[in-house]
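Examining the three-dimensional arrangement
The residues making up each chain are set out below.
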Amino acid sequence: MAVDTIDAAILRILQQNGRIANAELAEKIGLSASACSRRVDILEKTGVISGYHARLSHKALDYRIMVVVHISLSGQFAKTLTEFEAAVKLCPNVLVCYLMSGEYDYILRVAAKDLEDYERIHRDWLSALPHVVKINSSFSLREIIDRPNVGV
């Protein structure tokens, strides 16, 4: 779907405040409430807007450690990838999982409360994932940026 300047303005505002009332959004954009609502509906139905989420503070929930985990599998056969991906989706501490090109097959971002919690996650979840032959964990020292929004 082509995003015009009005859609882009709507998206920028919704990225900053997904709970904004349609009437207020329409006023900021310079549209009638019904025209604004129709545009938002089209953006949702076409998948440009994929959902609305509460952004939680990991620190406030006592998840003080972020770990970047590089995973190597025994191969890249379709069955191997499918089984790994189905299993990794079940681990509640895995926040992000990417299939990669290059040295590692997958990169994960994992949240843990502390080192003992990460040891448990590593032992009970990551090491138990199917077809894993190598796990390399790197611990974040400090978050510089975690941008939830894309430029529109």
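Since we're looking at a predicted model, the values are computed, not measured.

Considering the UniProt feature "domain: HTH asnC-type" (unreviewed entry) in the protein chain
Sequence positions flagged by UniProt for "domain: HTH asnC-type" (unreviewed entry) are, in local numbering, residues 3-64. For the annotated span residues 3-64, helix accounts for 53% and strand for 0% of the residues, and the straight-line distance between the end C-alpha atoms is 38 Å.

Points about unusual backbone geometry
A positive phi is found at Asp 62, a non-glycine position, where the angle reads about 70°. By the element assignment, Asp 62 lies in the loop between α3 (33-45) and β1 (65-73). Residue class for Asp 62 comes out partly exposed when judged on its relative accessible area of 35%.

Digging into the pairing of strand β2 (residues 94-99)
With 5 bridges joining them, β2 and strand β3 (residues 106-112) adopt antiparallel strand pairing. Its bridge partner being in β3, Val 94 is matched across the sheet by Val 110. Between β2 and the antiparallel strand that follows it, β3, lie 6 residues; Gly 102 among them carries a positive phi value of about 105°.

Things to note about the packing of aromatic side chains
Taken as a whole and assessed by the stated rule, the structure comprises 2 aromatic pairs. Pairing Tyr 118 with Phe 139 gives two aromatic rings, centres 5.4 Å apart and planes at 85°, and the pair type is edge-to-face. One end of the pair, Tyr 118, is in helix α5 (residues 115-126); the other, Phe 139, is in strand β4 (residues 132-139), and 21 residues separate them in sequence. Looking at Tyr 118, the relative accessible area reads 5%, which means it is buried. It is Lys 113 that lies over the ring of Tyr 63; its NZ or CZ is 4.6 Å from the centre.

Comments concerning the layout of surface pockets
Quantified by volume, the largest pocket comes out at close to 1,300 Å³. Taken together, 37 residues form the lining of the largest pocket, with Arg 55, Asp 146, Arg 147, Pro 148 and Asn 149 sitting closest to its centre. Secondary-structure elements contributing two or more residues to the lining of the largest pocket are α1 (5-16) and β1. Considering each element in turn, the lining of the largest pocket owes the most residues, 4 residues, to α1. Broken down by class, the residue content of the lining of the largest pocket amounts to 17 nonpolar, 11 polar and 9 charged. Counting contributing residues per domain, the lining of the largest pocket is built from domain 1 (5-46) and domain 2 (58-139), each supplying no fewer than three.

Overview of the pattern of salt bridges
Under the definition given, this model contains 8 salt bridges. Between Lys 79 and Glu 83 there is a salt bridge, with its nearest N and O atoms 2.7 Å apart. Residue Lys 79 and its partner Glu 83 are both found in helix α4 (residues 78-88); the two are separated by 4 residues, about one turn of the helix. By relative accessible area, which is 29% here, Glu 83 ends up partly exposed.

Quick look at the pairing of β1
The two faces of the sheet receive side chains in turn, since in a regular strand these alternate between them. Counting buried residues in β1 gives 8 out of 9 residues, a clear majority hidden from the surface. Pairing of β1 with β3 involves 7 bridges; the strand directions are antiparallel. Within the sheet, the bridge partner assigned to Met 66 lies in β3 and is Ala 111. Bridge count for β1 against β4 is 7 bridges, and the pairing is antiparallel.

Criteria and thresholds
Residues numbered from 1 in each chain as written. Predicted model: local features only at pLDDT ≥ 70, side-chain atom pairs only at ≥ 80, totals over all residues. Heavy atoms only, no water. UniProt positions renumbered as here; feature names shortened; annotations may be inferred. Helix = DSSP H or I, 4+ residues; strand = E, 2+ residues; numbered from the N terminus. Buried < 20%, exposed > 50% of the residue type's maximum accessible area, 1.4 Å probe, protein only. Pairing = 2+ DSSP bridges. Phe/Tyr/Trp six-rings, centres within 6.5 Å; stacked < 30°, edge-to-face > 60°. Lys NZ or Arg CZ within 6 Å of the ring centre and 35° of its normal. 1 Å grid on protein atoms, 1.4 Å probe; cavity = no way out; pocket = protein on both sides within 12 Å on 5 of 7 lines; lining within 4 Å. Points joined across faces, edges and corners; volume = space filled by probe spheres on them. Nonpolar A, V, L, I, M, F, W, Y, C, P; charged D, E, K, R; others polar. Domains from an automatic or database assignment. Salt bridge = Lys/Arg side-chain N within 4 Å of Asp/Glu carboxyl O.

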